[in-house]
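Chains, contacts and geometry: an overview
Next come the chains, spelled out residue by residue.
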Amino acid sequence: LVPKFSKLVRESINDEVITVIGAGETEYSRRSGRSIQDLAIDASLAAITDAEVAPQCVDGVIPLGGELFTEDLIAGLGLSRRVVDATPAPGGASAVAALSLACGMVDSGSANCILIVLSRNASSRGRIGSRVRKLPGQQFRDQLERPHGWSTPAEWYSMICRRHMAEYGTTKRQLAEVALSARRHAQLNPRAMQYGRTLSWEQYDQSPFIADPYQLYDCCLETDGAAAVLVVSHEFARNTGRLPVDVLSVEVARPESADDLTNREDWHEIGLSVAAPAAFERAGVTPTDVDAAMIYDCFTFEVIHQLEEAGFCGRGEGGAFAESGALDIGGRLPVNTHGGLLSEGHLGGLNHVIEGVRQLRGEAAGRQLSNANLIAVTGWGDWGDGAFAILARR
Amino acid sequence: MKQLKYPLPDVDAPDFVEFWNGCASGKLVLPVCVQGHFVWPPRPKCLKCQEGIASWAEVEQSGRVYSWTVVHRSSLFEFSDSKPFAVVIVELPMVQIVRMVGLWQGEIEDLFIGCEAHLIFERVNDEVALPQWRPTKLNDRPTKRE
């Protein structure tokens with residue numbers, strides 16, 4: 001009876017639709033010169049102000065980034081000492097997974113107005129080499145991987161990429177198109193770290209190798225900064241003046257052998273392969289209904305990989321899909337219209353949620369999509385943790 | 001240039017002791033659960049059936065390269081002075097999927113997916129021998145590299 005019972009619990013939870021009513025961020029830079037607490041307070045105030053509510057309305061907090069705590073926000077924003085809080089698993093799926101936690105808070109009645117904020121100085125301090133030591137499965141890293149020199153996400157995921165290239169004929173030209181499209185979008189986004197810096201195929205092709213087949217421009221940026229969104233219950237949203245953006249559905253799933261990517265029966269299957277179909281079903285929409293996608297672009301191939309596993313194209317077709325120009329504004333499925341982690345900045349993918357909100361509100365200025373009613377956002381963490389949210393303009 | 005320093009594993013780590021003992025004596029020894037599944041990487045319970053480890057089995061020291069990368073900038077100080085080096089994932093020839101990560105002790109130019117490889121044990125100290133991979137001599141090079 002127990003497994004059946006837990007299945008029922010899972011299916012009855014999160015019936016409540018939650019709504020994003022505020023989004024904000026600090027400058028994204030290579031060296032902020034400020035504490036992560038200071039950055040978090042600024043981004044939070046920007047989101048709260050954007051929502052046209054008072055900080056005292058916040059009754060739930062989800063701090064992200066690994067070093068930020070609810071205490072920092074109570075102190076800095078004067079929040080109630082009775083706020084409830086939760087933290088998703090670390091890794092790149094956490095920003096979208098935070099939406100799932102917020103759904104749970106609203107659904108259980110424990111909070112109505114939840115602040116999700118990510119803050120870190122990931123460029124000037126605490127870069128990726130140290131952050132990955134806080135991820136699950138360290139016994140495998142220590143025993144079986146680091147002794148062989150295998151130690152970073154670029155090195156891990158390049159293995160997945162190489163295999164995809166061999167099995168499906170995915171090419172470096174196709175990987176490059178992901179980077180070039182993101183960079184073109186960043187030229188329309190003054191906030192992007194790569195604003196004003198164009199990228200050509202030649203520059204991409206001649207850039208130094210990091211972990212073959214990944215070169216410099218296959219890899220995302222490292223960023224100092226903070227980003228925040230304010231998420232509320234449907235009922236709360238009714239009483240605010242802001243244009244609401246509903247989270248129609250959000251699902252989180254892990255891959256088989258979630259702490260080790262080498263021993264999967266199906267090499268290409270990831271958490272998103274499970275989470276995305278579940279989210280589409282819950283929302284009652286299909287991939288073809290989606291107007292744009294904000295894909296967690298830690299590396300170029302991971303965009304192609306996730307487009308396939310989320311169902312936006314068939315397995316093995318992602319490379320050709322990218323090369324066709326589909327990812328550009330005006331293309332078949334505009335992807336990362338802000339420039340993404342590759343060219344806007346690495347805010348753990350919370351910047352992807354924010355871009356989805358801005359596009360749906362019609363606030364994306366020079367990069368505004370002409371048709372934005374439904375936007376998908378993905379998270380990719382560790383060795384393929386997946387999170388998938390579908391956002392909608394009401 | 002031969003790699004001289006390595007980040008060392010903890011050969012006393014509970015789920016790995018038999019594996020490292022095997023390596024130290026030149027054997028590849030993997031955990032097998034009550035139902036006969038290889039449990040790789042080693043876990044206290046089998047990923048497939050959640051049964052405990054019943055035995056450790058010695059297996060063939062060869063396989064085929066499943067995927068590979070060339071590391072140009074390592075985050076590990078032991079590798080910081082190394083020239084670009086390759087890391088491979090080798091699939092062992094078993095019914096069940098067992099893939100091992102290892103440093104490639106061969107020419108990078110000789111690497112391709114499907115390439116036959118066999119294990120060598122790099123003796124680091126009295127307790128630690130690291131299982132690394134090199135190409136099998138009789139390799140048929142494909143006409144076109146993957």
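Residues numbered from 1 in each chain as written. Chains lettered and ligands numbered in written order. Predicted model: local features only at pLDDT ≥ 70, side-chain atom pairs only at ≥ 80, totals over all residues. Heavy atoms only, no water.

**A short note on the overall build of chain A**
Each helix and strand counted, chain A has 15 helices and eleven strands in total. Across the 394 residues of chain A, 63% fall into the buried class. Across chain A, every contact between residues at least 6 apart in sequence was considered, and the portion connecting residues at least 24 apart equals 75%. Summed over all atoms, the accessible surface of chain A reaches about 13,900 Å², with 50% contributed by carbon and sulfur. Considering chain A, the positive charge centre built from 36 side chains and the negative charge centre built from 50 side chains are found 4 Å apart. (Helix = DSSP H or I, 4+ residues; strand = E, 2+ residues; numbered from the N terminus. Buried < 20%, exposed > 50% of the residue type's maximum accessible area, 1.4 Å probe, protein only. Contact = heavy atoms within 4.5 Å. Areas by Shrake-Rupley, 256 points an atom, 1.4 Å probe, with all protein chains shown as cover. Lys, Arg positive; Asp, Glu negative; His and termini not counted. Charge placed at Lys NZ, Arg CZ, Asp CG, Glu CD.)

**Comments concerning the interface of chain B and chain A**
On the chain A side, the residues contacting the 41 residues of chain B number 33 residues. Interface area, chain B with chain A, both sides summed: about 3,300 Å², of which 59% is carbon and sulfur. It is Tyr66, Arg73 and Val101 of chain B in chain B that bury the most area against chain A; as a group they hold 16% of the surface buried on that side. In this assembly, chain B and chain A are joined by two salt bridges. Glu265 of chain A serves as the salt-bridge partner of Lys48 of chain B, at 2.9 Å between the closest nitrogen and oxygen. (Buried area = accessible area lost by both parts, 1.4 Å probe. Salt bridge = Lys/Arg side-chain N within 4 Å of Asp/Glu carboxyl O.)

**Some points on the confidence of the model for chain B**
It should be kept in mind that the predicted coordinates are not to be read in detail where pLDDT is low. Within chain B, residue pLDDT values average 92, and 92% of them lie at 70 or more. Model confidence for the complex: the whole-complex pTM is 0.95, and ipTM, which rates the interface, is 0.94. (pLDDT = per-residue confidence, 0-100.)

**Remarks on the pattern of salt bridges**
Side-chain pairs of opposite charge can arise whenever the charged atoms involved come near each other. Residue and element names in this part refer to chain A. Enumeration over the complete set of coordinates arrives at 24 salt bridges over all chains. Where Arg191 meets Glu25, a salt bridge forms, and the shortest distance between an N and an O atom there is 3.4 Å. Placement of Arg191 in the loop between helix H8 (172-186) and helix H9 (201-206) and of Glu25 in strand E1 (residues 18-25) is noted, with a sequence separation of 166 residues between them. Given the relative accessible area of 33%, Arg191 is considered partly exposed. Here the residues in one salt-bridge network are Glu25, Arg191 and Arg358, joined through shared partners.

**Here's the deal with the confidence of the model for chain A**
Here chain A averages 94 in pLDDT, and 96% of its residues register 70 or above. Counted against residues more than four places away or in other chains, residues 4-10 of chain A, with its pLDDT under 50, gives two contacts.

**Re the pairing of strand E11 (residues 385-393) of chain A**
Residue and element names in this part refer to chain A. With respect to burial, E11 is a largely interior element, eight of its nine residues being buried. Sheet topology places strand E8 (residues 245-253) next to E11; eight bridges connect them, and they run antiparallel. Looking across to E11, one finds that Val250 is bridged to Ala389. Linking strand E10 (residues 374-381) to E11, which pair antiparallel, is a turn of three residues; within it Asp382 sits at a positive phi near 50°. (Pairing = 2+ DSSP bridges.)

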